[in-house]
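Examination of the molecular architecture
So the chains spell out like this:
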Amino acid sequence: MDLSEKILKLRKANNLSQEQLAERLGVSRQSISKWESGQSAPDIDRLSLLGDIFNVTLDYLIKPSEIDELSIRTEMLEKQQEEIIRKAMKAQDIKFHILSSVAVYLIAMALIFVMHSYFWQLRIPPIVAFSILLIATAIAIFINLKYKKSRRAKE
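Worth saying up front: this structure is predicted, and the values here are computed from it rather than measured.

In this structure the tally under the stated criterion is one aromatic pair. Between the aromatic rings of Phe 96 and Tyr 147, the centroid separation amounts to 3.9 Å while the plane-to-plane angle is 20°, which identifies the pairing as stacked. Placement of the pair is Phe 96 in helix α6 (residues 67–118) and Tyr 147 in helix α7 (residues 126–154), with a sequence separation of 51 residues. What makes Phe 96 partly exposed here is its relative accessible area of 28%. When its relative accessible area of 18% is taken as the criterion, Tyr 147 is described as buried. The ring of Tyr 60 carries the charged tip of Lys 6 above its face, separated from the ring centre by 4.8 Å.

A few words on the nonpolar core. The biggest cluster of nonpolar side chains holds 17 residues, and the ones touching the most others in it are Leu 21, Leu 50 and Leu 61. Looking at this core, the elements that each hand over two or more residues are α1 (3–13), α2 (18–25), α3 (29–37), α4 (44–54) and α5 (58–62). Looking at this core, the element that brings in the most residues is α1, giving four residues. Ignoring any residue separated from it by four or fewer positions in sequence, one finds Leu 21 in contact with Ile 7, Arg 11, Leu 16, Ile 32, Leu 50, Ile 53 and Phe 54. Within the second largest apolar cluster, six residues are counted, among which are Ala 108, Ile 132, Ala 136 and Ala 140.

Moving on, we get to α7. Relative to the 42 Å expected for 29 residues at 1.5 Å per residue, α7 spans 42 Å between its end C-alpha atoms, a close match to the ideal helical length. Residues of α7 that are buried: Ile 132, Ala 136, Ala 140, Asn 144, Tyr 147 and Arg 151.

A few words now on the packing of α2 against α4. The N-to-C vectors of α2 and α4 enclose an angle of 115°; their axes lie 10 Å apart at closest approach. By crossing handedness, the relation of α2 to α4 is classed as right-handed. Side by side, α2 and α4 meet where Leu 21, Arg 24 and Leu 25 of the first sit next to Arg 46, Leu 49, Leu 50, Ile 53 and Phe 54 of the second. Across the contact of α2 with α4, the residue classes break down as six nonpolar, no polar and two charged.

We now examine α2. Of all the residues in α2, the buried ones are Gln 18, Leu 21, Ala 22 and Leu 25. Viewed along the axis of α2, the buried residues span an arc of 100°, placing them on a single side of the element. Turned more than 90 degrees from where α2 packs its buried face, Glu 23 and Arg 24 sit exposed. In this fold, the buried residues of α2 make contact with α1, α3 and α4. Phi turns positive one or two residues past the end of α2, at Gly 26, with a value near 75°.

What counts and how
- Residues numbered from 1 in each chain as written.
- Predicted model: local features only at pLDDT ≥ 70, side-chain atom pairs only at ≥ 80, totals over all residues.
- Heavy atoms only, no water.
- Phe/Tyr/Trp six-rings, centres within 6.5 Å; stacked < 30°, edge-to-face > 60°.
- Helix = DSSP H or I, 4+ residues; strand = E, 2+ residues; numbered from the N terminus.
- Buried < 20%, exposed > 50% of the residue type's maximum accessible area, 1.4 Å probe, protein only.
- Lys NZ or Arg CZ within 6 Å of the ring centre and 35° of its normal.
- Core = buried A, V, L, I, M, F, W, Y, C linked by side-chain atoms within 4.5 Å.
- Contact = heavy atoms within 4.5 Å.
- Expected span 1.5 Å × (residues − 1).
- Axes fitted to C-alpha atoms, helices over the stretch in contact; angles between N-to-C directions.
- Left-handed = near helix turned anticlockwise from the far one by under 90°.
- Nonpolar A, V, L, I, M, F, W, Y, C, P; charged D, E, K, R; others polar.
- Arc of directions from axis to C-beta.

Now the structure itself:
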């Protein structure tokens with residue numbers, strides 16, 4: 001793998017556009033395009049910056065090697081795996097938030113129903129039902145914040 005291929009693969013592995021990389025290096029997007037197509041090569045200062053941005057050595061950038069391509073692919077797969085795990089955890093969090101809130105409100109509604117059925121002759125004022133729903137909201141918020149805090153502690 002030559003320098004142009006390494007720049008292209010490293011840029012993609014780090015989810016950078018040509019514009020973003022150009023901005024970080026202080027060059028034009030066209031320069032990045034020429035480097036990646038092999039029409040030109042970066043100067044030594046830009047090579048050093050590339051090494052810093054991609055966390056690789058100058059030797060890695062300059063010397064050709066087939067092992068380099070495998071390490072880049074491995075890194076890309078690891079990043080994709082991390083993204084999949086992050087999305088799955090986020091979906092799990094959303095599911096927990098929804099189900100826990102629904103459970104709290106169902107309990108609150110059941111309490112209101114029981115109170116209304118049991119004390120039907122007393123005619124419970126609507127403010128009592130409203131108060132129960134406010135308390136249920138506070139409980140749902142507390143449960144979800146506690147879950148979020150425990151999730152962050154695990155990370």
